[in-house]
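Each chain, written out:
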Amino acid sequence: MPRLVRLLLEAIDDMSSTIFPLQGRQVFVAGHRGMVGSAITRRLLNEGFTDVVTRTHDELPLDDSTAVEAFFAGEQPEYVVLAAAKVGGIVANATHGADFIRENLKIQTNVIDAAYRYGVRKLLFLGSSCIYPRDAEQPIAENALLTGPLEETNLPYAIAKIAGKTMCDAYRRQYGFDAFTVMPSNVYGVGDNFDPENSHVVAGMMRRFHDAKVAGDSRVVVWGTGSPLRELIDADDLADACVFLLRRCDDGGMINVGSGEEISIRDLALLMKSIVGFQGRVEFDSTRPDGTPRKIMDNTAIRTLGWRPALSIDAGLRKMYAWFLKSDTLRLN
Ligand SMILES: NC(=O)c1ccc[n+]([C@@H]2O[C@H](COP(=O)([O-])OP(=O)(O)OC[C@H]3O[C@@H](n4cnc5c(N)ncnc54)[C@H](OP(=O)(O)O)[C@@H]3O)[C@@H](O)[C@H]2O)c1
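Right, let's walk through the structure included here.

Parameters at a glance
- Residues numbered from 1 in each chain as written.
- Predicted model: local features only at pLDDT ≥ 70, side-chain atom pairs only at ≥ 80, totals over all residues.
- Heavy atoms only, no water.
- Helix = DSSP H or I, 4+ residues; strand = E, 2+ residues; numbered from the N terminus.
- Rg over C-alpha atoms; globule rule 2.2 N^0.38 Å.
- Contact = heavy atoms within 4.5 Å.
- Areas by Shrake-Rupley, 256 points an atom, 1.4 Å probe, with all protein chains shown as cover.
- Lys, Arg positive; Asp, Glu negative; His and termini not counted.
- Charge placed at Lys NZ, Arg CZ, Asp CG, Glu CD.
- Buried < 20%, exposed > 50% of the residue type's maximum accessible area, 1.4 Å probe, protein only.
- Polar contact = N/O pair within 3.5 Å; in protein donor to acceptor, adjacent residues only side chain to side chain.
- Salt bridge = Lys/Arg side-chain N within 4 Å of Asp/Glu carboxyl O.
- Pairing = 2+ DSSP bridges.
- Axes fitted to C-alpha atoms, helices over the stretch in contact; angles between N-to-C directions.
- Near = heavy atom within 4 Å.
- Parallel < 35°, antiparallel > 145°, perpendicular 65-115°, else oblique.
- Left-handed = near helix turned anticlockwise from the far one by under 90°.
- Nonpolar A, V, L, I, M, F, W, Y, C, P; charged D, E, K, R; others polar.

In terms of regular secondary structure, the protein is built from 11 helices and 12 strands. Against the compact-globule benchmark of 20 Å for 333 residues, the protein has a radius of gyration of 21 Å, which places it among compact chains. Dimensions of the protein, computed from C-alpha atoms along their principal axes, come out at roughly 75 × 50 × 40 Å. Across the protein, contacts joining residues at least 24 apart in sequence account for 82% of those joining residues at least 6 apart. Approximately 15700 Å² of the protein is accessible, and the part contributed by carbon and sulfur atoms is 54%. The average position of the 37 basic charges and that of the 43 acidic charges among the side chains of the protein differ by 3 Å.

This is how it looks when you write it as structure tokens:
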């Protein structure tokens, strides 16, 4: 084959296996009012997507198969981001395990199956790092899934997520449906949930430091020794990665998306104190459990594809606190 023809064919092959345009395509973002879904929707709109379809929980209860069927039959979206889920913190998971497994299994099953049957070209399912084995080797690589026992505290939620990921794989294998799973590390950012029962580590800490500042308290007590290390990713960075992955033609399976930046709970608390402007002391209650000593994802696969996060933890937390202050003012007025 002449060299020029070979080079041209290689270039075409290269283009088709990497990036393709999404603009002009209809994208359904399920869960667009949540932290992750709203960040993905913002990202798509900022990039000039005009056909982003959304429905609130009330308009389209995704656990209702009849409603989901009618939606897909009517809208026939080309791309789907499944960022809707019943999500909660340790307390909610411990007390409402039945709701977590039932709701999430229903949402996933309805949406993934309807998306396949109505000819969706690509579906992105949001998994979670909590579905990896409790004692997985760090950094956690994608192939660690199902290699050991899971953390007990959120087992129903994790099992539902594993089922969703497995469903994507099985539909891809049996039907050739391009469904893939994104596994984010701990997400924080604009749109986070500050409810004491349902918040994750960053939002919960921000709320406590803020409330202590407003109340003029002399100290904030943080559970544990402060030594555990956590990898955090800003929701807008995660959204950027999701749109990056949606644009790729190669059918994935599952891919980790983390910032690659670790921070100890102690440093996070001190950073939070400074960003919030709390003047009192930070104390660590070492009689309380620490949880997993270290949790970081192996981000080799997504880095190899060429994606990098844009925000440092400091910049992300400042952005989040500015938004928190604005939304708190709105809430109080
Ligand atoms: N936050 C994290 O740290 C994190 C980490 C890793 C993975 N993820 C994954 O990312 C996804 C989104 O998480 P998030 O933090 O953005 O959660 P979120 O803020 O709680 O948002 C979830 C969204 O789903 C909607 N929803 C829940 N049940 C629904 C139903 N039956 N029908 C229709 N809509 C429903 C909620 O609407 P309502 O509020 O109106 O119910 C909400 O808008 C989840 O799959 C989660 O597992 C999150």
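Attention shifts here to the side chain of Asn299. Relative to the assigned elements, Asn299 resides in the loop between β12 (294-295) and α10 (300-305). Judged by its relative accessible area of 8%, Asn299 is buried. From its side chain, Asn299 meets the backbone nitrogen of Gly258 in a polar contact 2.8 Å long. A polar atom in the side chain of Asn299 sits 3.3 Å from the backbone oxygen of Met297. Those residues in contact with Asn299 that sit more than four places away from it in its chain are Glu231, Asn256, Val257, Gly258, Ser259 and Gly260.

Note on placement: Arg303 falls in helix α10. One buried charge, Arg303, has no salt-bridge partner; the nearest side chain with opposite charge is Glu231, at 5.5 Å. In terms of polar contacts, Arg303 uses its side chain to reach the backbone carbonyl oxygen of Ser259, at 3.1 Å. Those residues in contact with Arg303, other than ones at most four positions away along the chain, are Gly258, Ser259, Gly260, Arg308 and Pro309.

This paragraph deals with the sheet that holds strand β4 (residues 122-126). Strand order across the open sheet formed by six strands is β2-β1-β3-β4-β5-β9, with parallel pairing between neighbours. Of all strands in the sheet, those bounded by a partner on one side alone are β2 (52-53) and β9 (254-257). Direction of pairing for strand β1 (residues 27-30) relative to strand β3 (residues 79-82): parallel, over a ladder of four bridges. Bridge pairing links Val27 to Tyr79 in β3. Those strands touched by helix α2 (residues 35-46) are β1, β2, β3 and β4, and its axis lies near 155° from that of β1.

Now for the site of the ligand. Of all residues adjacent to the ligand, which total 24 residues, the nearest are Val36, His57, Asp63, Tyr157 and Lys161. Ala85 is positioned with one of its backbone polar atoms (N or O) 3.3 Å from an oxygen atom of the ligand. A distance of 2.3 Å separates an oxygen atom of the ligand from a polar atom in the side chain of Tyr157. Taking 900 Å² as the accessible area of the ligand by itself, protein coverage stands at 82%.

Bringing the packing of helix α3 (residues 65-75) against helix α5 (residues 97-117) into the picture now. If you want to describe how two helices pack, look at the angle between their axes and the distance between the axes. Interaxial distance between α3 and α5 falls to 10 Å at its minimum, and their mutual angle equals 30°. Classified by the interaxial angle, the pair formed by α3 and α5 is roughly parallel. Taken as a pair, α3 and α5 cross one another with a handedness that is right-handed. Seen from α3, the contacting residues are Ser65, Val68, Glu69 and Phe72; seen from α5, they are Asn110, Val111, Ala114, Ala115 and Arg117. Residues of the contact of α3 with α5, tallied by class, amount to five nonpolar, two polar and two charged.

Residue position: Arg318 is located in helix α11 (residues 313-332). In sequence terms Arg318 and Gly189 are 129 residues apart; their C-alpha atoms lie 9.4 Å from each other. The residues contacting Arg318, other than those within four sequence positions of it, are Ser274 and Ile275. Within the structure, the side chain of Arg318 is placed 2.9 Å from the side chain of Asp314, a separation counted as a polar contact.

Purely geometric numbers; function is a separate question.
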